[in-house]
Every structure is written in structure tokens, then in C-alpha cells.
Amino acid sequence: MKKLFYIGAMSALLLSACGEETATVTPDEFKKLENGMSPDEVKEIVGGISKNPDAKEDDDLYLFLEYDGENGVDKESTVSLIFTDGKLDTILEDGLMKEKVELTKEQKAKIAEDVERSKNKASTGAINEYETTLKQIITKTKSNSIISMKDKELIEDGKYSIELTSNIFIFVDVNKENNIEKISAAVSSNALSTQNKEVKIAFEALLQSTDKTLSTQQQSAILEKLGFISDGKLIDHTEVYTLNNVTYTYHSSIENDSAILQAKLK
């Protein structure tokens, strides 16, 4: 995803030339701030730029803006706004709406945790991009199938699920740097026996979304080499095949009542 820079050197120069002042935030202005706003929408409400006008998005699409409060409960009040991927995500005030209190160690740790969580929300560029790619592929190929792709869900740290049908799921594993490491399509025996068309669409979509250079013939060849047969029959089987620095594994198990096609990126 292309990074967007909200306040760069050129914009700072232009603002200076226009004589735009640093804004303060009043209680009434604070009440108008809402999650989902852009930096420009916030600027329109508060009437100027932040205390840190040179702030820009970091590599995780995370932007932090600071303001002094005005006419707040405390004379030295502050307002902090956190944006993730261009949208206001976290709104914090200290002494503007409520009196300042000395935070306990636990409270400080909780604030740090909330800020880190906000940063992590912005660090999902790879999975967001993959979800978009998969949706485009599914939309083009699903025809009159019963596939109805739902939005991704974080099911545990570093693992997302995307439901295609109640019996077919795509799982995406990301590492600590939020880069995709592994993509798996899991189908139940019921899907194999009653949703052959949907299973084939899911497997081919996984191959195409993992390696966009694959032709239709190559996708079919990979499935053939892995021993996938869309005849609705579940057998105990495991096969591995590597192509273009991607290791594909097809594993079906009678005991687990399921089959999995996995693509592991090197």
C-alpha cells in the first residue's frame, strides 16, 4: 500500500507562508471529534495545525498529532490524536474535560497498551491487501456458486480467517512484522461431497492470490501434482510441491474429517 504523508516539508512550507496558526482544542471542539475523521476534517474543527506540524505517517501508517487544550478544567491540558491508515482511531485528553490525576503504574501500562494496539491496527497492510486481492479473484470466478466471502476475522494473534462458505475457510498467518507467511484453504468432508465447485474455486483462488504469475494451466498442474481430485471422496493423503519459492502442501485426513491446501511463502 502506498504510504500517504499528511504533513510533509512542502505542506509545512505552504502553511507557514499562509500564516496558519497552531490550533488549541476547546471542550466544545473536543466533543465534535469522532473516530474515522481524516486529519483535514480534524483541522477544520480545531481551526489550525497541531503542535507537531511536521508529523507524518510512519511505516505502519500510524500518525500521532498533539494539541494544547484551551479553557479546559486544567490550565495545562493537552489533546492527543492517533490516526491509523488516514483515519482517526484514538482520542485522548489530559486535563481538558476532566481534572488531571496522577496515574498509577497499571494505568500508565494500560495507556501504553492501548497506543500499541492502535499502532498494530495500522500494521495489517499485507493482510488487507491480500483480502482485497482474494475478494477480486473470488468475485470474478464464483459465478453462480454459493460462495459468499465474508470479511476477515482475527481469530488469534497472527492468524486471520476468511469464510467463503460455512464449510470452506481461508486462513492467513502473518509474522511479527505482519508479513504473510502462510495461506491455507480448509474444507470439510461435507464440502468435498456436496460443494465440489466451491472447493475448486477456493483452491484455485488460493493459488492465484498467492502467486499472481500462475497461469490457469499451472494452477491445474499444481493441484494435479498435489493429488487433489474433486470427486467428493476424502482419503488419507499428503503431498508437497514447490514452485516459484512457494511450497504447496495438500493434506486430507479421514480422522480430521477435512482437507487442507496450504501455500507457504519463502
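Before reading on, note that the structure itself is shown above.
Below, the structure is looked at part by part.

A word on the packing of helix α7 (residues 196-210) against helix α8 (residues 216-226). α8 packs onto α7 with a crossing angle of 115° between their chain directions and a minimal axis gap of 10 Å. In terms of crossing hand, the pair formed by α7 and α8 is right-handed. Counted together, F203, E204, L207 and Q208 of α7 and Q219, I222 and L223 of α8 form the full contact between these two elements. Of the residues contributing to the contact of α7 with α8, the split by class is four nonpolar, two polar and one charged.

Turning our attention to the pattern of salt bridges. Under the defined criterion, the tally for this structure stands at six salt bridges. Linking K150 and E163 is a salt bridge whose minimum nitrogen-to-oxygen distance equals 3.7 Å. Placement of the pair is K150 in the loop between α5 (125-141) and β5 (153-156) and E163 in strand β6 (residues 159-165), with a sequence separation of 13 residues.

With that settled, consider the pairing of strand β8 (residues 180-188). Within β8, seven of the nine residues are buried, leaving the element largely enclosed by the surrounding structure. Taken together, the seven bridges between strand β7 (residues 168-174) and β8 define a ladder with antiparallel strand orientation. Of the residues in β8, the one forming a bridge with V174 is I180. Between β7 and β8, which pair antiparallel one after the other, the connecting turn spans five residues, and N178 there sits at a positive phi close to 65°. Bridging between β8 and strand β11 (residues 258-265) involves seven bridges; their strand directions are antiparallel. Across the sheet, I183 pairs through a bridge with A263, a residue of β11.

Burial of strand β3 (residues 78-84) is extensive: six of the seven residues sit out of reach of the surface. Note that strand β2 (residues 62-69) and β3 share seven bridges and pair antiparallel. Within β3, the position partnered with L65 by the bridge is L81.

Turning next to the packing of aromatic side chains. Counted under the stated rule, the structure contains four aromatic pairs. Judged by centre distance (6.0 Å) and plane angle (75°), the ring pair of F203 and Y250 falls under edge-to-face. Of this pair, F203 sits in helix α7 while Y250 sits in strand β10 (residues 246-253), and the two are 47 residues apart along the sequence. For the pair F203 and Y250, one class covers both residues: buried.

Taken residue by residue, helix α3 (residues 39-46) has P39, V42 and V46 as its buried positions. One face of α3 carries all of its buried residues, which in axial projection span an arc of 60°. Residues of α3 that are exposed and point over 90 degrees away from its buried face: D40 and E44. After α3 finishes, the residue G47 shows a positive phi value of roughly 85°.

Glancing now at the sheet that holds β10. One open sheet accounts for seven strands, arranged β5-β6-β7-β8-β11-β10-β9; its pairing is antiparallel. Looking at which strands have only one partner, the edges of the open sheet turn out to be β5 and β9 (237-243). On average, each strand axis in the sheet is inclined to that of its neighbour by 20°, with strand direction left out of account. Against the sheet, α7 engages β6, β7, β8, β10 and β11, with an angle of about 175° to β8.

Looking now at the nonpolar core. Formed by 39 residues in total, the largest nonpolar core has its most connected members in L164, I170 and F203. No other element matches α7, which puts seven residues into this core. Look past the residues within four positions of L164 in its chain and what remains in contact with it is I138, I146, I147, S148, M149, I170 and A202. One finds A23, L63, L81 and L88 within the second-largest nonpolar core, a separate group that totals 16 residues.

A word on the sheet that holds β3. The strand order across the open sheet built from four strands is β1-β2-β3-β4, with neighbouring strands paired in mixed fashion. Each edge of the open sheet carries a strand with a single partner, namely β1 (24-25) and β4 (87-94). The sheet contact formed by β1 and β2 spans two bridges and is parallel. Each residue of the ladder has a partner; that of T24, found in β2, is D68.

A positive phi angle, close to 60°, is found at N71, a residue other than glycine. Mapped onto the fold, N71 is located in the loop between β2 and β3. Here the phi dihedral of S143 falls at roughly 50°; this positive angle occurs in a residue that is not glycine. What makes S143 exposed here is its relative accessible area of 58%.

The rules behind each value
Residues numbered from 1 in each chain as written. Predicted model: local features only at pLDDT ≥ 70, side-chain atom pairs only at ≥ 80, totals over all residues. Heavy atoms only, no water. Axes fitted to C-alpha atoms, helices over the stretch in contact; angles between N-to-C directions. Helix = DSSP H or I, 4+ residues; strand = E, 2+ residues; numbered from the N terminus. Left-handed = near helix turned anticlockwise from the far one by under 90°. Contact = heavy atoms within 4.5 Å. Nonpolar A, V, L, I, M, F, W, Y, C, P; charged D, E, K, R; others polar. Salt bridge = Lys/Arg side-chain N within 4 Å of Asp/Glu carboxyl O. Buried < 20%, exposed > 50% of the residue type's maximum accessible area, 1.4 Å probe, protein only. Pairing = 2+ DSSP bridges. Phe/Tyr/Trp six-rings, centres within 6.5 Å; stacked < 30°, edge-to-face > 60°. Arc of directions from axis to C-beta. Core = buried A, V, L, I, M, F, W, Y, C linked by side-chain atoms within 4.5 Å.

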